[in-house]
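Structure assessment
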Amino acid sequence: MTTDLLLLLLLLLLLSSSRLALAAAFGVWINGAASSSPQSQEYEALQALKAAVVEDPRGALASWQGPNVCAYRGVYCSAPPDDAAASGAVVAGIDLNRANLRGTLPAAVSLLAHLTFLHLNSNRLAGQPPDSLRDLQYLTELDLSNNLFSGPFPAAALLIPSLVYLDLRFNAFSGGIPAEAFAKSSLDALFLNNNQFDGEIPETLWSSPATVITLANNRLTGPVPSAYGYGGRVREVLFLNNKLSGCIPEELGFLPTIEVLDLSYNSLSGHLPPTLSCLAGIEVLNIAHNQFTGELPDLVCDLKRMTNLSVSFNFFSGISQHCDRLAGRSVFDFVGNCVPGRGLQRPPPECDGGPGDGGLSCLRSIPVTRPVPCAQASVSVGVGVIVGGAMPSFGAGGVVTVTVP
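Nothing here was measured: the structure is a model prediction, and the numbers come from that model. (Residues numbered from 1 in each chain as written. Predicted model: local features only at pLDDT ≥ 70, side-chain atom pairs only at ≥ 80, totals over all residues. Heavy atoms only, no water.)

With respect to the environment of Asp-324
Mapped onto the elements, Asp-324 comes out in helix α4 (residues 321-326). On the accessibility criterion, Asp-324 (34% relative accessible area) is partly exposed. The spatial distance from the C-alpha of Asp-324 to the C-alpha of Cys-301 is 8.8 Å, given a sequence separation of 23 residues. If we ignore the near neighbours within four places in the chain, the residues touching Asp-324 are Ile-319 and Arg-342. (Helix = DSSP H or I, 4+ residues; strand = E, 2+ residues; numbered from the N terminus. Buried < 20%, exposed > 50% of the residue type's maximum accessible area, 1.4 Å probe, protein only. Contact = heavy atoms within 4.5 Å.)

A closer look at the state of the cysteines
Scanning the entire structure with this criterion turns up three disulfides. Linked covalently through their sulfurs, Cys-70 and Cys-77 form a disulfide whose S-S length is 2.1 Å. Here Cys-70 and Cys-77 share a disulfide; its torsion about the S-S bond, -100°, makes the bridge left-handed. For Cys-77, a relative accessible area of 28% puts it in the partly exposed group. Covalently, Cys-301 is tied to Cys-323 through a disulfide, its sulfur atoms 1.8 Å apart. When the S-S torsion is 100°, as for the bridge of Cys-301 with Cys-323, the disulfide is right-handed. Taken as a pair, Cys-301 in helix α3 (residues 298-301) and Cys-323 in helix α4 lie far apart in primary sequence, 22 residues in all. Accessibility assignment for this pair places Cys-301 and Cys-323 in one class, buried. (Disulfide = S-S within 2.5 Å.)

Structural notes on the nonpolar core
Counting 86 residues, the largest nonpolar core has Leu-142, Leu-166, Trp-206, Leu-215 and Phe-239 as its most contacted members. Residue assignment for this core shows that the elements contributing at least two residues are α2 (38-51), β3 (90-95), β20 (291-296), α3, β22 (315-319) and α4. Two domains share this core, each providing at least three of its residues, namely domain 1 (40-175) and domain 2 (192-358). Contacts of Phe-239, omitting those with residues within four sequence positions, involve Ile-201, Leu-205, Trp-206, Leu-215, Ala-216, Val-224, Leu-244, Leu-261, Asp-262, Leu-263, Ser-264 and Asn-266. (Core = buried A, V, L, I, M, F, W, Y, C linked by side-chain atoms within 4.5 Å. Domains from an automatic or database assignment.)

Here we look at the packing of aromatic side chains
Applying the stated criterion across every chain, the model contains nine aromatic pairs. Where Tyr-76 meets Phe-117, the ring centres are 6.0 Å apart and the plane angle is 45°; that geometry is what we call tilted. With Tyr-76 in strand β2 (residues 75-78) and Phe-117 in strand β5 (residues 117-119), this residue pair connects regions lying 41 residues apart in the sequence. Taking 6.4 Å as the distance between ring centres and 15° as the angle between the ring planes, the aromatic pair formed by Phe-292 and Phe-316 counts as stacked. Taken together, the residues Phe-292 in strand β20 and Phe-316 in strand β22 connect sequence positions 24 residues apart. (Phe/Tyr/Trp six-rings, centres within 6.5 Å; stacked < 30°, edge-to-face > 60°.)

Next comes the structure, spelled out in structure tokens:
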């Protein structure tokens, strides 16, 4: 074999070794053809995210260099899920909260196939979250709060099969809230406050499995949805500072797990429904800054677990005996009403020109098969469904029959 041929063979071996070494190190072939390995996809996704950031004033992404993605700041790796085909460590989470990053969220984030949490709150990310989020089959927590995202509700987030926590608050999302937002079976917490959502709240609200739902500080209109067929487990619902109108539906008394209910700063009116006496577990009830009228009834003030009751700045004309006992306690705020002889009430001209007695317009009732005590766990409402919760217990017989056409 000639010397020239030996040199040629040696050169080919060196090139082949170099090619394999590069492929192993970077997960890509030297000719540019992409490898399908999870590591190369994660590298591609994180570099795409870095490229989509146009300002990084705190250097949060300064360490995002080289193939070892598990060494990147804010990136968390772990063993892959049991049903995943990957081997070795995979990117399981990203936490870039409060990094003040300016940019967008690229579609390539879906290449992080084993991601379980994505925390991006308190940045300056703008635009619309990508539809590719739906491909993150293991994602349980998505926090996009306190950014500059805009456009319609990111419906792709509702297609993430394992999602438990969705936080979209403090952005500029607009338009209606889809009914599917309250129908996702895996969701436990839904934060939509401080956006620009408008339109009516879907009737599916009370069928949500979430324990916490915040809709505050939007532009929502129409009535509070009725709770017919309620079967959820909600503990906290915040409606405050919207443009809701109409009456408090009697069916809200069928919310057996509710602990915090805030309806303040809306345009709700009429009398409070007697079914509120069934909210045995409620701790905070805020109906301040509405247009409620009539006398504040005992049934509200008798709720045993109540720690904070605010009815201020309505048009209540009196408070009942039991409520009067709360007047000196910090848990009860009734200023700015029309109660004669009490301090810090509206001036008489405001009360005379108030919304009037709209109580009769709110006497919507539910046909029941028979009177039931409030403590009963559920009640047939005569429309073919069982409503979780209870009916009120008051009056001489300790029960009430609610009927309407």
